[in-house]
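# Summary of structural features
Okay, here's what each chain looks like letter by letter:
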Amino acid sequence: MEDPQPADRASKIINNTKVIFEILGIIAAGVWAFFVFGKTQDPQFHSQLNVSSKINFFRSVSESGSCVTAINVTISNDRNASVKVKSLSLRVWHFDFPSSQSGGGYFDYEALKQTKPTWELPKGAGSVLMGQYYPKTDYGYQFQFIGDRKERYVYYIAQIETDPVEVGMETFSSSETENNCNRV
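Here the structure is a predicted model, which means the values were calculated and not measured.

### A word on the overall build of the protein
Helices and strands together make up the secondary structure of the protein, namely 2 helices and 8 strands. Shown N-terminal to C-terminal, the secondary structure of the protein runs as helices and strands in the order α-β-β-β-α-β-β-β-β-β. In the protein, buried positions account for 27% of the 184 residues. A separation of at least 24 residues holds for 73% of the contacts in the protein among residues at least 6 apart in sequence. In the form shown here, the protein has an accessible surface area of approximately 12,000 Å², with 55% of it arising from carbon and sulfur atoms.

Encoded structure:
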């Protein structure tokens, strides 16, 4: 009669080998998923809130001799997750650009930021740009300011606070020195 031990031993070896390959398969699948997610999906959950803006000047039709400064701001959520814009602050300065006779065409924006702005939307004032931004959406708004038509330029700075906090605070600014109100 044959010894049953070698068959049991072979069965145990096969079962143990099968368990080892199952564990290795699970580990390999986990490593593969980790790297695929890290390269394809994870970056889309990080800060991809984009802010673009454009400044335009045009002569006022309703008020002769006036110039309208229009700041078009667009916020785009390019993420795969929603983000909430909790607050927006906007400060605008109109200024005369220094002439070449008074020391050259250099303007100190840091010094300008220390002065009182021409117009300000305080952080808690609210704005149409505040609210929930769903994935792959954008919203825009045009802020308009009416002033005199002398050679004026504009600089603005804005800050946006978002939720989730990981998106952080976006700060953007822009300036424009092509004042179309002064063209003949």
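### Thoughts on the pairing of strand S7 (residues 153-163)
With 8 of 11 residues buried, S7 is to be regarded as a mostly interior element. The pairing of strand S3 (residues 83-95) with S7 spans 11 bridges and is antiparallel. Looking at S7, one finds that Arg91 is bridged to Ile157.

### Some remarks on a nonpolar patch on the surface
On the surface, Val19, Ile20, Phe21, Ile23, Leu24, Ile27, Val31, Phe34 and Phe35 cluster together to form a nonpolar patch covering roughly 920 Å² of accessible area. By secondary structure assignment, the location of Ile23 is in helix H1 (residues 5-41).

### Considerations on unusual backbone geometry
We note that Lys136 has phi near 60°; this positive angle belongs to a residue other than glycine. Mapped onto the elements of the fold, Lys136 is located in the loop between strand S5 (131-133) and strand S6 (137-148).

### A look at the environment of Arg91
Tracing the sequence through the fold places Arg91 in strand S3. The sequence separation of Arg91 and Glu120 amounts to 29 residues, and the corresponding C-alpha distance is 4.4 Å. In contact with Arg91, other than residues within four places in its own chain, are Lys113, Pro117, Trp119, Glu120, Tyr155, Tyr156 and Ile157.

### A closer look at the pattern of salt bridges
Applying the stated criterion across every chain, the model contains 1 salt bridge. A salt bridge links Lys113 to Glu110; its shortest N-O distance comes to 3.0 Å. Placement of the pair is Lys113 and Glu110 together in helix H2 (residues 109-113), with a separation of 3 residues, close to one helical turn.

### A few points about the nonpolar core
Formed by 22 residues in total, the largest nonpolar core has its most connected members in Ile71, Leu88, Leu90, Val92, Leu129 and Phe143. Elements that contribute at least two residues to this core include exactly strand S1 (49-59), strand S2 (66-77), S3, S6 and S7. The next biggest cluster of nonpolar side chains, apart from the first, holds 6 residues, and it includes Phe95, Leu112, Tyr153 and Ile157.

### Comments concerning the confidence of the model for the protein
When pLDDT is averaged across the protein, the result is 75; 72% of the residues are at 70 or more. Looking at the elements of the protein, mean pLDDT is at its lowest for strand S8 (residues 169-176), recorded as 61, and at its highest for S5, recorded as 89.

### Some thoughts on the side chain of Thr69
Topologically, Thr69 is positioned in strand S2. By relative accessible area, which is 3% here, Thr69 ends up buried. Not counting chain neighbours up to four residues away, the residues in contact with Thr69 comprise Ile55, Asn56, Phe57, His94, Phe143, Gln144, Phe145 and Val154.

### Here we look at the packing of aromatic side chains
Within this structure, the stated rule accounts for 4 aromatic pairs. Considering the side-chain rings of Tyr133 and Tyr139, the 4.8 Å spacing of their centres and the 75° angle between planes classify their relative orientation as edge-to-face. Accessibility expressed as a relative area gives 1% for Tyr133, which makes it buried. In this structure Tyr139 comes out as partly exposed when scored by relative accessible area, which is 37%.

### Let's talk about the side chain of Ser87
Topologically, Ser87 is positioned in strand S3. Beyond its immediate chain neighbours, meaning those up to four positions away, Ser87 contacts Lys123, Met130, Gln159, Ile160 and Glu161.

Cut-offs used in this document
- Residues numbered from 1 in each chain as written.
- Predicted model: local features only at pLDDT ≥ 70, side-chain atom pairs only at ≥ 80, totals over all residues.
- Heavy atoms only, no water.
- Helix = DSSP H or I, 4+ residues; strand = E, 2+ residues; numbered from the N terminus.
- Buried < 20%, exposed > 50% of the residue type's maximum accessible area, 1.4 Å probe, protein only.
- Contact = heavy atoms within 4.5 Å.
- Areas by Shrake-Rupley, 256 points an atom, 1.4 Å probe, with all protein chains shown as cover.
- Pairing = 2+ DSSP bridges.
- Patch = residues over 30% accessible without salt bridge, like charges linked within 9 Å, V, L, I, M, F, W, Y side chains within 5 Å.
- Salt bridge = Lys/Arg side-chain N within 4 Å of Asp/Glu carboxyl O.
- Core = buried A, V, L, I, M, F, W, Y, C linked by side-chain atoms within 4.5 Å.
- pLDDT = per-residue confidence, 0-100.
- Phe/Tyr/Trp six-rings, centres within 6.5 Å; stacked < 30°, edge-to-face > 60°.

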